[in-house]
Amino acid sequence: RRPPRSTPKPSSAASDVYKRQRFIECEFRDSNLNVTKLPGSRFFESQFKDCKVTGINWTSLDWRGITVSAPMAFESCDLSFSVFNSLNLPGLVIKNCKAWHTDFEACDLTQSVFTNTDLQDARFNGTKLDKSDFDGAVNYYIDPVGNSIREAHFAFPEVINLLKTFDIKIKGSD
């Protein structure tokens, strides 16, 4: 694999606006992109590591032509309060992240990776999560009736969260 074309320096671009920008093979490290607006912008093979990318409406980007796999990956980032609603992002990688109150409703996240991610109050409804990996993920609430989770990977004890929708009592849990 080729090295990234550009590696933006650590920045505090919080609340900035990047209109119709192209980020190609970029690696963002230790950047603060809190509530950054990206209308019409595009990402290709870009990575975010140790970044604060909270409150971003990812649906405002230009997603035309993105059909094969997710154009970006997140590792050890804070994605809380972000919106991915209705996006087709198969293979999205969100590892070792905090994604509180993040909106994944109606997304295609087939074969995505959420390993070791805290998904407290994240919204999954009508979401395609087939073959996705939730190993080590915590605090998720995924309704197995309202979402597609065929062949997805979950780990004990958090997998018990999949039963919450059925309002059943499980001995040994509070």
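The structure under discussion appears in the preceding block.
Let me sum up the structure you'll find in this document. Every value quoted in this text rests on a predicted model; they were computed, and no experiment measured them.

### Details of the pairing of strand β5 (residues 72-75)
Part 1 of the argument: Direction of pairing for strand β4 (residues 46-49) relative to β5: parallel, over a ladder of 4 bridges. Considered in β5, the bridge of Lys 49 is made with Glu 75.
Part 2 of the argument: Here β5 runs beside strand β6 (residues 93-95); their pairing, made up of 3 bridges, is parallel. Across the sheet, residue Ala 73 finds its bridge partner in β6, namely Val 93.

### Some details on the pairing of β4
Part 1 of the argument: Across 3 bridges, strand β2 (residues 27-29) lies against β4 in parallel orientation. Within β4, the residue paired with Arg 29 across the bridge is Lys 49.

### A closer look at the packing of aromatic side chains
What describes a pair of aromatic rings is the distance from one ring centre to the other and the angle between the planes of the rings.
Part 1 of the argument: For the structure shown, the criterion picks out 21 aromatic pairs.
Part 2 of the argument: For the pair Phe 48 and Trp 58, a centre-to-centre distance of 5.9 Å together with 80° between the ring planes defines the contact as edge-to-face. Of this pair, Phe 48 sits in strand β4 while Trp 58 sits in the loop between β4 and β5, and the two are 10 residues apart along the sequence.
Part 3 of the argument: Judged by relative accessible area, which is 1%, Trp 58 ranks as buried.
Part 4 of the argument: Considering the side-chain rings of Phe 74 and Phe 84, the 6.4 Å spacing of their centres and the 80° angle between planes classify their relative orientation as edge-to-face. Of the two residues, Phe 74 is situated in strand β5 and Phe 84 in the loop between β5 and β6; the sequence distance between them amounts to 10 residues. The exposure classification of Phe 74 matches that of Phe 84, with both residues buried.
Part 5 of the argument: A cation sits over an aromatic face here: Lys 98 above Trp 100, 4.1 Å from the ring centre.

### Structural notes on the pattern of salt bridges
Part 1 of the argument: The tally for this structure, following the rule as stated, stands at 6 salt bridges.
Part 2 of the argument: Between Arg 42 and Asp 62 there is a salt bridge, with its nearest N and O atoms 3.9 Å apart. Of the two residues, Arg 42 sits in strand β3 (residues 42-44) while Asp 62 sits in the loop between β4 and β5, which places them 20 residues apart along the sequence.
Part 3 of the argument: Asp 103 is the partner of Arg 123 in a salt bridge, and the nearest nitrogen-oxygen pair spans 3.9 Å. Of this pair, Arg 123 sits in the segment after β6 while Asp 103 sits in the segment after β6, and the two are 20 residues apart along the sequence.
Part 4 of the argument: Put simply, Glu 27, Arg 29 and Lys 49 are held in one network by salt bridges that share partners.

Rules of the game
Residues numbered from 1 in each chain as written. Predicted model: local features only at pLDDT ≥ 70, side-chain atom pairs only at ≥ 80, totals over all residues. Heavy atoms only, no water. Pairing = 2+ DSSP bridges. Helix = DSSP H or I, 4+ residues; strand = E, 2+ residues; numbered from the N terminus. Phe/Tyr/Trp six-rings, centres within 6.5 Å; stacked < 30°, edge-to-face > 60°. Buried < 20%, exposed > 50% of the residue type's maximum accessible area, 1.4 Å probe, protein only. Lys NZ or Arg CZ within 6 Å of the ring centre and 35° of its normal. Salt bridge = Lys/Arg side-chain N within 4 Å of Asp/Glu carboxyl O.

Taken by themselves, the reported measurements are silent on function.
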